[in-house]
Structures are given as C-alpha cells and as structure tokens.
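Given next are the chains, with one letter for each unit.
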Amino acid sequence: MKPINHTVIEFKESIFSTMTKLAIDHEAINLSQGFPDFDGPKWIIDLAKNAMDQGHKLGNVGKNQYAPSAGILPLREAISKNYKRFYNLDFDSANEVVVTNGATEAIFCACMALINPGDEVIVFEPFYDSYLASLKMAGAIVVPVTLKAPAFTFDSEELIAAINSKTKMLILNNPHNPTGKIFTREEIKIIAELARKFDFYILSDEVYEFLTFENSHTPTACFEDLANRTITISSTGKTFGLTGWKIGWACGPKEIIKAIHNVHQFTTFCVAHPLQVAMAEALGKMDDYLINFKSQYRAKRDYLVSGLKNAGFNVLTPAGTYFAMAILKEGENDIEFCQKLIREKKVAVIPTSAFYIKSNAGSGMIRFCFAKTDETLKKAISNLAL
Ligand SMILES: Cc1ncc(COP(=O)(O)O)c(C=O)c1O
C-alpha cells in the first residue's frame, strides 16, 4: 500500500482526549479538558430547540437545512454589532465576518488561506495544540518562542531573533491557554511594531475574551495599525458554556476573510443552522449574562487557587481563561505527576509538556481547569488535600 500523508500520520491523539479517557477509566474527577461539567444557559438551548421545531416556518430557508456558507446574516450582524459595542471595532457583517465550526475551524481555514508551503509562523509556547496541526497541514515552518514562567512574558530579543523576511504570521492567543496570562499593552506594542516592520499577519485567538478577571479584554485588532493585518478569531463555546455547539468565527479585512471563506466552503461548507439562529439572538442579550458569568468564574478561580495553595501546590493565579497552572517541585515530571494524581488522588489534570516543542519547561508544570461545578471543585480539592 502507498503511504498515507506524511504530515497527518505523525499527529498524535490530543492530550485532552487522552486525559479525559484516563479520567473515565479511573473514575477520576476531570479537571483536565477545557469544558464545563454543567450545562449552558437553558434560554439559549430553548432558542435552538425552537429553531429546529419551526423548521421551514421561520422564513424561506428551512432552519434544519444548510445555512448560507458564510453564516446566517443575523448571526454575522450580531457578531459585528458586539465588536462595535464592546471594543469599538468595525467589521462589515457582509464581507468581514465568516462563521465557522468553532474557533478550531477558523484557525485551520486561516492557516490554509494565508500560508504557502515554507512560510514561517511564530507561535508562543506553551500553545493550544491545534495551531501546530493546522500550520503543518498548511506546510508552514513553525518557529516557537517560549513564554517564561511565572509571568509568562516573552524575551523580546528571542522574538526579534525568530523573525525574518520569511515570517508570514504570528499566532497570539489572548487571554492565553494554558497559562491564564493576559498579554500587556507593552508586549502587544512590541509585536505590533515587528508586524509592521517585517510585514506579517497576526492570527489573534480570543476565545477567552470574556473570561478576564482584572480588566476587560482588548482585541489585538484595536492596537494602532493592526486591524489591517489581524485575523480576529473567537467563538461562543467558552462564553456560553456550550463548547459542543462549535459556533466560531473569523473577522478581518475583506480579502483575507474571502480567502478564509474559500477554505471553509470546501471543508465544512456551513455551521449547524438552528444553532446559528439561537446564537444570533443570544449574542444580542449578553450584558446581564456576562455579569453573572464573570462573577461565577472569578469565584471558581479563587476557590480552586486557594484550595490548591492549602493542599501544598505552587499555583499561579490566572488573570484570564478558566485554567490555572501549578509549578511542580524540582525533579518532578509532569506526565508522571499527572498519572500518579489520577491513580492516587483520582483527579485528572493536564501535563503541560504537551504544549511545548522547543523548551522543556512544560515538564515542570501542570494545568487545572476550573470550569466545573462547585461540587466537582470541592471534591477535587478534598481529594488533593488528603
Ligand atoms: C486557545 C483556544 N483556542 C481555540 C479553542 C477551540 O475553540 P472552539 O471550541 O470554538 O473550536 C480552544 C478550546 O479549548 C482554546 O483553548
């Protein structure tokens, strides 16, 4: 038999799936994969049920049939309105917004749309694992720059040294998974200056935009002169606790969004239609929801962080996302530590070496997810304190 594609054959099972399976096998409390163990808002689920039940009654195009490939216009309008309302950003809903199957598909389509084989792309490590796979499928050369614990700042000399005339794009994830870091204005200004000087794009993954605990989020596209070279990607999974719905999007300059849509059109074509109908309405009603959402997650963060500290972990308090990192003791290894934690304490977390390709710093850290019910967090803390 002839060999299958040499890039794809090398992809391993995602660490999130591995740890979730292990958690099930060991009946452990799962603080590994980044999704809530409670349901999203009932009123949004009811909106989707209603769209399904109405089928053809809700207008000309049946809501249980294919949606327009770029996303239904009311959803693109709702996305565009929110960018204007929250951040004073202008994205034309007709040409500068494309709806995708989660941020994951937007990331893949953006990589395919912008990268030619051999182009170099800067990625800050630790990084979300789909970046590497998408970039490799697009034929990019991945150039990692390591964020240094405990503040997870980058060394600007290291960043400058990683950039050259072949640099096509930089991926910025802000707020950042797995560290919970929020990049400072100064850091983004350094990136912006380099992007202008070396003429590269910025893929800005902002799926945790509403999970910030100190200040509200500032999209990369808001920084001076960056709007014309930034692809802003986000989704509703984290914000509404409905990660299984996979409603995401990419926004940016018309020509880039057209290219991203070209890829989307021939990969998945469109996103589940009734879910788009529900989200179009939900995005217009976020204000009240966000107040509770933020205070709920802040309380979970504080509970987990203080519980872990009391249990003897060197845990770092995250400024954003629903993850917290803990630094292991000298000589401990993340994978062995996580396996032991599952076996002996019945708690599953993520070994962070999976998020690095250059530095071995990840083998000294683990990641906890606190998007869990208070009961789950309480049980986890009491197991860990034993
Ligand atoms: C940084 C980051 N980007 C993207 C995603 C995927 O988002 P979606 O579920 O909308 O595809 C995740 C999910 O964990 C993530 O952590």
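Residues numbered from 1 in each chain as written. Predicted model: local features only at pLDDT ≥ 70, side-chain atom pairs only at ≥ 80, totals over all residues. Heavy atoms only, no water.

A. Inspection of the overall build of the protein at higher detail. Looking only at helices and strands, one finds 13 helices and 13 strands in the protein. Projecting the C-alpha coordinates of the protein onto the three principal axes gives extents of approximately 60 × 55 × 50 Å. Counting across all 386 residues of the protein, residues that qualify as buried make up 56%. For the protein, contacts bridging at least 24 residues in sequence account for 75% of all contacts bridging at least 6. Of the roughly 17,200 Å² of accessible surface on the protein, a fraction of 54% belongs to carbon and sulfur atoms. Charged side chains of the protein number 41 positive and 42 negative; the gap between the two group centres comes to 3 Å. (Helix = DSSP H or I, 4+ residues; strand = E, 2+ residues; numbered from the N terminus. Buried < 20%, exposed > 50% of the residue type's maximum accessible area, 1.4 Å probe, protein only. Contact = heavy atoms within 4.5 Å. Areas by Shrake-Rupley, 256 points an atom, 1.4 Å probe, with all protein chains shown as cover. Lys, Arg positive; Asp, Glu negative; His and termini not counted. Charge placed at Lys NZ, Arg CZ, Asp CG, Glu CD.)

B. How the structure looks around the pairing of strand 4 (residues 141–146). In terms of burial, strand 4 is largely enclosed, as five of its six residues are buried. Strand direction decides the pairing type here: strand 3 (residues 120–125) and strand 4, joined by six bridges, are parallel. The residue bridging Phe124 from the neighbouring strand is Val145, located in strand 4. Crossover connection from strand 3 via helix 5 (residues 130–137) to parallel strand 4: handedness right-handed. (Pairing = 2+ DSSP bridges. Right-handed = clockwise from strand over helix to strand, strands pointing away.)

C. How the structure looks around a nonpolar patch on the surface. Residues Val8, Phe11, Met112 and Met137 make up a contiguous nonpolar surface patch of roughly 300 Å² in combined accessible area. Residue placement: Met137 occurs in helix 5. On the basis of relative accessibility, which here comes to 37%, the residue Met137 falls in the partly exposed class. (Patch = residues over 30% accessible without salt bridge, like charges linked within 9 Å, V, L, I, M, F, W, Y side chains within 5 Å. Salt bridge = Lys/Arg side-chain N within 4 Å of Asp/Glu carboxyl O.)

D. Here's a closer look at the sheet that holds strand 9 (residues 314–315). Spatial ordering of the open sheet is given by 9-10-13-12, a layout of four strands whose pairing is antiparallel. Every other strand in the sheet has two partners, leaving strand 9 and strand 12 (350–351) as the edge strands with one partner each. Both strand 10 (residues 323–327) and strand 13 (residues 365–369) contribute to a ladder of five bridges, which runs antiparallel. Its bridge partner being in strand 13, Phe323 is matched across the sheet by Cys369.

E. Examining the sheet that holds strand 7 (residues 230–235) more closely. Read from one edge to the other, the open sheet built from seven strands follows the order 2-8-7-6-5-3-4, with strand pairing classed as mixed. Each edge of the open sheet carries a strand with a single partner, namely strand 2 (97–101) and strand 4. Recorded for the sheet is a direction-independent mean angle of 20° between the axes of neighbouring strands. Sheet strands in contact with helix 7 (residues 185–198) are strand 3, strand 5 (167–173) and strand 6 (201–205), and its direction is about 160° off that of strand 5. (Axes fitted to C-alpha atoms, helices over the stretch in contact; angles between N-to-C directions.)

F. Representation of the site of the ligand in the model. Inspection of the region around the ligand gives 13 residues, with Thr104, Asp205, Tyr208, Lys238 and Lys246 positioned closest. Here an oxygen atom of the ligand and a side-chain polar atom of Tyr208 are 2.6 Å apart. At 2.7 Å from an oxygen atom of the ligand is found a side-chain nitrogen or oxygen belonging to Lys246. Across the complex, the protein chains shield 93% of the 400 Å² of accessible surface that the ligand would expose by itself. Of the residues contributing to the shell around the ligand, the split by class is five nonpolar, five polar and three charged. (Near = heavy atom within 4 Å. Polar contact = N/O pair within 3.5 Å; in protein donor to acceptor, adjacent residues only side chain to side chain. Nonpolar A, V, L, I, M, F, W, Y, C, P; charged D, E, K, R; others polar.)

G. Geometry of the domain arrangement of the protein. Split by domain assignment, the protein resolves into domain 1 (8–39 + 287–385) and domain 2 (44–285). Domain 1 and domain 2 are separated by 24 Å when their C-alpha centres are compared. Each partner contributes to the interface: domain 1 provides 34 residues, whereas domain 2 provides 38 residues. Of all residues in domain 1, Thr321, Phe355 and Ile357 give up the largest surface area on contact with domain 2, accounting jointly for 18% of the area buried on that side. Inspection of the domain 1/domain 2 interface yields three salt bridges. Between Glu214 and Arg301 there is a salt bridge whose closest N-O contact spans 3.2 Å. At the boundary of domain 1 and domain 2, one finds 17 residue pairs in polar contact (both at pLDDT 80 or more). Elements that contribute at least two residues to the side of domain 1 that touches domain 2 include exactly helix 1 (15–25), helix 11 (286–310), strand 10 and strand 13. (Domains from an automatic or database assignment. Buried area = accessible area lost by both parts, 1.4 Å probe.)

H. Expanded view of the nonpolar core. Within the largest apolar cluster, 133 residues are counted, with the highest numbers of intra-cluster contacts made by Phe124, Leu159, Trp245 and Phe368. Counting contributing residues, this core receives three or more from each of domain 1 (8–39 + 287–385) and domain 2 (44–285). Beyond its immediate chain neighbours, meaning those up to four positions away, Phe368 contacts Leu31, Leu304, Leu308, Phe313, Tyr322, Phe323, Ala324, Ala326, Val349 and Leu384. (Core = buried A, V, L, I, M, F, W, Y, C linked by side-chain atoms within 4.5 Å.)

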